[in-house]
Each structure stands twice: as C-alpha cells, then as structure tokens.
Amino acid sequence: MSDIKLFRLGDAVHELTPSTAIIERSLQRLFEGNLEKLLGIRFLASEFSTGPVHGGRIDTLGIDEDGTPVIIEYKRAMNENVINQGLFYLDWLMDHRKDFQWLVLDKLGQDIAAKVDWSSPRLLCIAGDFTRYDSHAVKQINRSIELIRYRRFDSDYLMIELVHAPRQAPRSAPAPATETDGGGEESVARADPYQSQRIDYRLQNASAPLRDVWDAASTFLSSLGDDVQIKPVSLYYAFKRIRNFVCMELYPQKGVVLAFVKLDPTSVTIEPGFTRDVRKIGHFGTGDLEISMRTTDDVTKALPLFQRAYDQG
C-alpha cells in the first residue's frame, strides 16, 4: 500500500482520507477525458473491440507524445490479472498495426498516422494498488509495462504515482525487409532508406568528442531520479517520468547534440547559439526550449535547465 499522505493546511492541519474504491466507469472517463494532461497521451478510443475472433475489449487506446501506441487497462479487483490481459492486447495490436493506424488517421489525421512508432508499444496498468506479485511479474517481462497507482482525496483531488516503469523501454525487433535480393548493403538500404536519420545510426557514427557530449548529458538526465525512463524512438531519445521532460537528438555532421526541454522559453534568458525558443519551429520530440551542446562545457551550462525540467515534470 502507498504511504503517501495529503494534508489540508489552515488554522488546523486536516488529513484527507484517500479512497481506493474499485475503479468504476466514471474514473475511466475521468482519465480518458484528461489523458494528455495526466499522462501525456492522446485519446483514441474507449472499450475498443478487438473483433469477434479475439473477443476482447481494450479499456483505453491512445498514442503518446512520441507517436507510440498505448494500451491502458484498469485493474478493478486485487485478484484481476490485468497484466496478462494487457499483454494479450499488446500482441493483438502488433498483429493489427493497420487497424491502429486507420484509427489514428480517422481521429488525429494523416501526419500523425504516418509517424506511428512501433519500436516499443506501451501497456499502462492503472489501479488503486498492486500486489508484490504484480511488481515482481513486470520486472521479468521484457515489454514496456508501467504500473500506475491512483488515489482519490475527497472529491476534488486525484493523485497518480508511477509504481513501476522499465528504466529503458525495450525495443521490438524491426520488421523483416520485403524487398531484398540476397542481402548486402544495397538490400539494407532498400529495407531502411532512412537509416542515416535514425538516432542509433547517428550515435554509432558520431565522433568521440561528440559522443562524450551525448554521454555526459544522458548520464546526468538518467541520474536525476529513480523514476526517470529512457525511451529510444527512431529519431531521438526521450527522457521521461510519466511524461517527457527532455528529448535529445544528435547530428554528427554538424557536431551538435540538441536537447528539447519542457520549459517555458519565456522563463529562460535566451543565449544565441546555446538556447532557442522553438514554439513556432518544427522539430522532432517534445519541448519548447532548444539547447545546443557542442562541448562538455555546454552540457555543464545545460544541467540547471535539465534539473528544472525534471522538477516540473
């Protein structure tokens, strides 16, 4: 059980009693109506049917700020095996990618549907509490599973707590190439014509000094707290708690590591060549403040901004 307590301050301190009632439909609607604010996820569907053959219904289906598909299942009873149920739906989703992309196209448009990232679909399990067996089970499964505990205090307060998330999101194996004629570099290029744009490729081809810049920044970000998750997606790495607080890209030819930080640019003194307001400039990842890091000294200058983004995340 969570040991978090909430108090109302006034003439006398009053402890608010948390509610851990069984999740009812009204709470599911509350999450679905506020997914972006609560979890950084765009809502797609409620009670999504997986068809007559599969015979299931996904509680909530969404897509996160990195374009990753998200399944949300609510644990309504302590003895309900919601993790296995969610894994069942994850497997269904990977076998029905077109169905998901059609749904995204219908709800959010072509641009988002074309950029769905299938490297690590997420399963979020939300419950009033989890057993020690739940926490142990997800540590043994190489899938992107997060356990989120909720508490309701009176009628006006909802607390959510990240109980478990993989430190680094596991990545699914890439789909096999379909246009090959015996292998070699030429067939690899046809299988993945955007390979040179992908972050893992850029990391492999970065100079040693630039890789030092990347490692220094990522080491600091990952050390900010036990709740920091590292999520590699195709074009950048996202550092997140429940939601992203920094996204990092790397450009070997330009010799720069870019960090997009979730801070209000108006709260920062903009320094040309180092920080930039990108609220009206298209970019990958999330965050309105761009930080350019070319040396480890630049990383040192960026650390207080990273800390602020983490604290506000």
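My aim in this report is to walk through the structure given alongside it, one point at a time. (Residues numbered from 1 in each chain as written. Predicted model: local features only at pLDDT ≥ 70, side-chain atom pairs only at ≥ 80, totals over all residues. Heavy atoms only, no water.)

It is worth spelling out the side chain of Q28 at this point. Locating Q28 in the fold gives a position in helix α1 (residues 25–33). Contacts of Q28, omitting those with residues within four sequence positions, involve S46, E47, D59, T60, Y74 and R76. (Helix = DSSP H or I, 4+ residues; strand = E, 2+ residues; numbered from the N terminus. Contact = heavy atoms within 4.5 Å.)

Below, the discussion takes up the sheet that holds strand β14 (residues 275–277). Strand order in this open sheet of six strands is β10-β11-β12-β13-β15-β14, and the pairing throughout is antiparallel. Each end of this open sheet is capped by a strand with a single partner; those strands are β10 (229–232) and β14. Put simply, the sheet's adjacent strands are angled 20° from each other on average, direction ignored. Across four bridges, the pairing between β10 and strand β11 (residues 237–240) is antiparallel. The residue of β11 that forms the bridge with I230 is F239. Those strands touched by helix α9 (residues 208–222) are β10, β11, β12 (244–251), β13 (256–261) and β15 (289–293), and its axis lies near 170° from that of β12. Where helix α10 (residues 296–312) meets the sheet, it contacts β12, β13, β14 and β15, and its direction lies at approximately 155° from that of β15. (Pairing = 2+ DSSP bridges. Axes fitted to C-alpha atoms, helices over the stretch in contact; angles between N-to-C directions.)

A separate point is a nonpolar patch on the surface. Taken together, the side chains of F7, L9 and V13 make up a nonpolar region of the molecular surface, amounting to roughly 340 Å² of accessible area. The topology assignment puts L9 in the loop between β1 (6–8) and β2 (14–16). (Patch = residues over 30% accessible without salt bridge, like charges linked within 9 Å, V, L, I, M, F, W, Y side chains within 5 Å. Areas by Shrake-Rupley, 256 points an atom, 1.4 Å probe, with all protein chains shown as cover. Salt bridge = Lys/Arg side-chain N within 4 Å of Asp/Glu carboxyl O.)

Our focus in this paragraph is the pattern of salt bridges. With the rule as written, the count across this model stands at 15 salt bridges. Linked through salt bridges whose partners overlap, the residues forming this network are D64, D66, R122, E146 and K231.

Two numbers describe how α9 lies on α10: the axes approach to 10 Å, and their chain directions differ by 20°. In terms of orientation, α9 and α10 fall into the roughly parallel class. The two elements α9 and α10 meet at a crossing, and its hand is right-handed. Taken together, the residues of α10 that come into contact with α9 (itself represented by D212, V213, A216, A217, F220 and L221) are T296, V299, L303, F306 and Q307. Across the contact of α9 with α10, the residue classes tally to eight nonpolar, two polar and one charged. (Parallel < 35°, antiparallel > 145°, perpendicular 65-115°, else oblique. Left-handed = near helix turned anticlockwise from the far one by under 90°. Nonpolar A, V, L, I, M, F, W, Y, C, P; charged D, E, K, R; others polar.)

The periodicity of an α-helix, 3.6 residues per turn, causes residues three or four places apart in sequence to face the same way. For α1, the complete set of buried residues consists of L27, Q28, F31 and E32. Buried residues of α1, viewed axially, fall in a sector of 140°; they line one side. (Buried < 20%, exposed > 50% of the residue type's maximum accessible area, 1.4 Å probe, protein only. Arc of directions from axis to C-beta.)

The next point concerns the environment of L61. As for its position among the elements, L61 is in strand β5 (residues 57–64). In sequence terms L61 and E47 are 14 residues apart; their C-alpha atoms lie 8.1 Å from each other. Dropping the residues within four chain positions of it, L61 is found in contact with R42, F43, L44, A45, F48, V70, I71, F100 and L103.

Excluding glycine, residues mostly carry a negative phi; peptide bonds, for their part, are mostly trans. Despite not being glycine, E47 shows a phi value in the positive range, around 50°. For E47, a relative accessible area of 26% corresponds to the partly exposed category.

This next bit is on the packing of aromatic side chains. Enumeration according to the criterion identifies six aromatic pairs in this entry. Geometrically, the ring pair formed by F88 and Y89 is tilted, given 6.4 Å between the ring centres and 45° between the ring planes. Given a relative accessible area of 6%, Y89 falls into the buried group. A ring pair is formed by F245 and Y310, whose centres lie 5.6 Å apart and whose planes are at 75°; its orientation type is edge-to-face. Residue F245 is located in strand β12, and its partner Y310 is located in helix α10; the two are separated by 65 residues in the primary sequence. According to the relative accessible area criterion, Y310 is buried, its value standing at 9%. (Phe/Tyr/Trp six-rings, centres within 6.5 Å; stacked < 30°, edge-to-face > 60°.)

Our next topic: helix α4 (residues 97–108). With 12 residues, α4 extends 16 Å between its outermost C-alpha atoms, agreeing within 8% with the 16 Å of an ideal straight helix rising 1.5 Å per residue. F100, L103 and V104 are the residues of α4 that are buried. One face of α4 carries all of its buried residues, which in axial projection span an arc of 100°. Those residues of α4 that are exposed and angled more than 90 degrees off the buried face are K98, W102 and D106. Directly beyond the C-terminal end of α4, a positive phi value near 105° is found at G109. (Expected span 1.5 Å × (residues − 1).)

With that out of the way, let us pick up the environment of C125. In this structure, C125 sits in strand β7 (residues 122–127). Between the alpha carbons of C125 and H164 there is a distance of 9.9 Å; along the sequence they are 39 residues apart. Ignoring anything within four residues of it in the chain, the contact list for C125 reads E73, V82, I83, F130, E146, L147 and I148.

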